[in-house]
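One letter stands for each residue in the lines below.
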Amino acid sequence: MSRRRGGKNRTKPNPYQKDYTLPGVGAYWQSQAYNTYLVTMYRNMIMQMAMNRFRWLNLPPTCDARFLEYTLMMEGCATICYPRRLVGQFYSTRCVFQSPPNVYDDYPKWKSVGNNGWSYYADKTSGTLVWDNSTRFPIMIGIETFAHQLANIQLTKEMNRFHQRIPWVLKGPKSRENDMRQIVKQVAGGELAMMAYDGFGDIDVDALQTQVPFIGAELAQDEKNTWNSIYHLLGVENTTLKLERQTEDEIHAQKSPTTLIKMASLSERRKAADYLNEHFGKYLKADISVVWNEDNQSENWNLFHNDKKLMQAIGEM
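Residues numbered from 1 in each chain as written. Predicted model: local features only at pLDDT ≥ 70, side-chain atom pairs only at ≥ 80, totals over all residues. Heavy atoms only, no water.

Despite not being glycine, Asn58 shows a phi value in the positive range, around 65°. Among the structural elements, Asn58 can be located in the loop between strand S1 (54-57) and helix H2 (65-75). Residue classification places Asn58 among the partly exposed residues on the basis of a relative accessible area of 45%. A positive phi angle, close to 70°, is found at Arg136, a residue other than glycine. Relative to the assigned elements, Arg136 resides in the loop between strand S6 (127-131) and helix H3 (140-164). On the accessibility criterion, Arg136 (22% relative accessible area) is partly exposed. (Helix = DSSP H or I, 4+ residues; strand = E, 2+ residues; numbered from the N terminus. Buried < 20%, exposed > 50% of the residue type's maximum accessible area, 1.4 Å probe, protein only.)

With antiparallel pairing, the five strands of this open sheet are ordered in space as S5-S4-S3-S2-S6. Where the open sheet ends on each side, the last strands, each with one partner, are strand S5 (119-123) and S6. Averaged over neighbouring strand pairs, the angle between their axes works out to 40° when direction is ignored. (Pairing = 2+ DSSP bridges. Axes fitted to C-alpha atoms, helices over the stretch in contact; angles between N-to-C directions.)

With respect to the helices and strands, Glu69 occurs in helix H2. At 2.9 Å, the side chain of Glu69 forms a polar contact with the side chain of Trp56. Dropping the residues within four chain positions of it, Glu69 is found in contact with Ala50, Met51, Phe54, Trp56 and Arg269. (Polar contact = N/O pair within 3.5 Å; in protein donor to acceptor, adjacent residues only side chain to side chain. Contact = heavy atoms within 4.5 Å.)

Moving on, we come to the environment of Leu233. Position of Leu233 among the secondary structure elements: in helix H5 (residues 216-234). When the C-alpha atoms of Leu233 and Ile143 are compared, they prove to be 8.5 Å apart, with 90 residues separating the residues in sequence. Excluding its chain neighbours within four sequence positions, the residues that come into contact with Leu233 are Ile139, Gly142, Ile143, Phe146 and Ile261.

Moving on, we get to the packing of aromatic side chains. The tally for this structure, following the rule as stated, stands at 12 aromatic pairs. Following the ring pairs from residue to residue traces out a cluster consisting of Tyr82, Phe90, Tyr275, Phe280 and Tyr283. Here the guanidinium or amino end of Arg66 rests over the ring plane of Tyr70, the centre of that ring lying 5.8 Å away. In this arrangement the basic side chain of Lys262 is found over the ring face of Trp292, its NZ or CZ atom lying 4.9 Å from the centre. (Phe/Tyr/Trp six-rings, centres within 6.5 Å; stacked < 30°, edge-to-face > 60°. Lys NZ or Arg CZ within 6 Å of the ring centre and 35° of its normal.)

Relative orientation and spacing of two packed helices are given, respectively, by the angle between their axes and the distance between those axes. Axis separation between helix H1 (residues 30-51) and H2 bottoms out at 9 Å; the angle between their running directions is 115°. Regarding H1 and H2, the two cross each other, and that crossing is right-handed. Contacts between H1 and H2 involve Met47, Ala50 and Met51 from the former and Arg66, Glu69, Tyr70, Met73 and Met74 from the latter. Counted by class, the contact of H1 with H2 contains six nonpolar, no polar and two charged residues. (Left-handed = near helix turned anticlockwise from the far one by under 90°. Nonpolar A, V, L, I, M, F, W, Y, C, P; charged D, E, K, R; others polar.)

Next comes the structure, spelled out in structure tokens:
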């Protein structure tokens, strides 16, 4: 027995399914995707530098330094505290303020928040807040800005290089189409010589002129200046080119603003570490400290092995 048309068993249209037969629906815009990839690539590069500027020493094993630095970079503030039911077991998480600021713009109460639903109340008796810098603005704002600038410079480079690809045009009668194709293949293949024949003069060569100058050097300098601004934002000292008659004091003076920015972030982290050491030292195996991140492990390994090789060389002499 057939079912009645429009009855209960009639298939209902899926409101979430796109109709790809409509014009413009489901089309993949490659240029937009490529632009997004560029911004994402530069953003990731700057974020890696921002997250690895500092090294936390003697942080409790239940704390995660990577997540702590990621939170500071994204939100400008994080917390290191313990829940009341786990006294002395510290966690480094995001935070949500639970009280108005006091006269010094500090927050006496807050909540520890995790990405998986983790949440508990905290205050100065169970931990401390950690600020990314003295102004307490998230550095991610600057990272996003410079990532878009670098992507824009790269797109300008590609556009400028595109206009330098000046094609040449072969003009001739339709009967010479195959001959013109062979000429293009021979030139592209690097042939040392080509055979000419009667009627070869019917083929003319022309070149398209865009009149767009190549500004590769200017764009490279623009990109370098942008990266220097990024290093300045992160407090990373960048060795500049020493000009003639430029003294060491002048070079040091150029690095002073970068050093101040670095200390604005380092001091806030050390302030939080000092508070934890002073008020919760009995729960810590060693005092927490924060230093500028350097690869001392690789340097020590190289020093040890270089000395070992040097001693072997001396012994063979």
